[in-house]
Amino acid sequence: MSIWTTAGRLKGILFASSADQFATLRAHRRGESDLLFRDGMWFLIATCEVPEPEAFEPTDWIGVDRGIANLATTSDLDNFQGRRLQRYRRWHARKRAELQAKQTKSANRRLKKRAHKEARHATCVNHGIAKDIVAVAQRTGRGIALEELRGIRDRVRLYRHQRATQSSWPFHQLERRITYKARRAGVPVLLVDARYTSQMCPRCKHTARSNRPTRDTFSCRQCGLAGPADVVAAVNIRDRARRAWVLVNVPVPMAA
Ligand SMILES: [Zn+2]
């Protein structure tokens, strides 16, 4: 690439990217790019206009439950664990507290750097999860169902040590990643009502707080269906998408 500087135009500057990014860049770049300096590194931010395929007609839905201990659990029983990320975030929170206590200029600078690093790590984890889920959906011709986020904060029950990290927990980011990747792959995404997805029995529909004897387990008081709570929630999300989709696609009766 070449860039304009106060000393004139510099040509033939090398840059690195993943093979995927490079292919996108080569085919779809529009206009000029921005150069950004962060944490001792230079980044090139390029705008690409990628034509989106039309979303295909899904044969079924994959329900995705987002959580704390498991970042994402699907109705296929795929499970994306967040325990390592949780430890990583707690460790960062401790280091942050140490630096904040110092209140020096260099401590502030290191604090900022650390925050960026942590955010990049979370982005990377979310990227991987979204990629896997979208790939399965595309391969099997299914759409992806997620909960509408409004409900999530009320629904997720937390242990005390998790509360510190909850407000910044990347639920939103995972949704954006999935939506973005799904659109590029032509995979339809549906947001469903989040209410009681974790308290309702997918078999007999009995809904009660007591169906959740512990945070991680589901056990229906009425019919006895039992299993991991996040899997049950993912199945409920899938079932809601199935119902919503049938409603949308019911043929309109012709007037006589
Ligand atoms: Zn039941």
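The rules behind each value
- Residues numbered from 1 in each chain as written.
- Predicted model: local features only at pLDDT ≥ 70, side-chain atom pairs only at ≥ 80, totals over all residues.
- Heavy atoms only, no water.
- Axes fitted to C-alpha atoms, helices over the stretch in contact; angles between N-to-C directions.
- Helix = DSSP H or I, 4+ residues; strand = E, 2+ residues; numbered from the N terminus.
- Parallel < 35°, antiparallel > 145°, perpendicular 65-115°, else oblique.
- Left-handed = near helix turned anticlockwise from the far one by under 90°.
- Contact = heavy atoms within 4.5 Å.
- Buried < 20%, exposed > 50% of the residue type's maximum accessible area, 1.4 Å probe, protein only.

Trainee: I keep staring at the packing of helix 3 (residues 105–140) against helix 6 (residues 171–185) and nothing clicks. Help me out?
Mentor: The axes of two packed helices give the description: the angle between them and the distance between them. Contact geometry for helix 3 and helix 6: axes closest at 9 Å, N-to-C directions at 40°. By the angle between their directions, the pair helix 3 and helix 6 is classed as oblique. Pair helix 3 / helix 6 crosses with right-handed handedness. From helix 3, Ala-122, Thr-123, Asn-126, His-127, Ile-129, Ala-130, Lys-131, Ile-133, Val-134 and Gln-138 reach across to helix 6, where they touch Gln-173, Leu-174, Arg-177, Ile-178, Lys-181, Ala-182 and Ala-185.

Trainee: So what exactly am I meant to see when it comes to unusual backbone geometry here?
Mentor: Working note: non-glycine residues mostly have negative phi, and peptide bonds are mostly trans. At Gln-103, a residue that is not glycine, the phi angle is positive and equals roughly 55°. On the secondary structure map, Gln-103 appears in the loop between helix 2 (83–102) and helix 3. Unusually for a residue other than glycine, Lys-205 sits at a positive phi of about 70°. Among the secondary structure elements, Lys-205 is positioned in the loop between strand 9 (189–192) and strand 10 (217–219). Residue class for Lys-205 comes out partly exposed when judged on its relative accessible area of 39%.

Bear in mind that shape data such as this cannot, by itself, settle questions of function.
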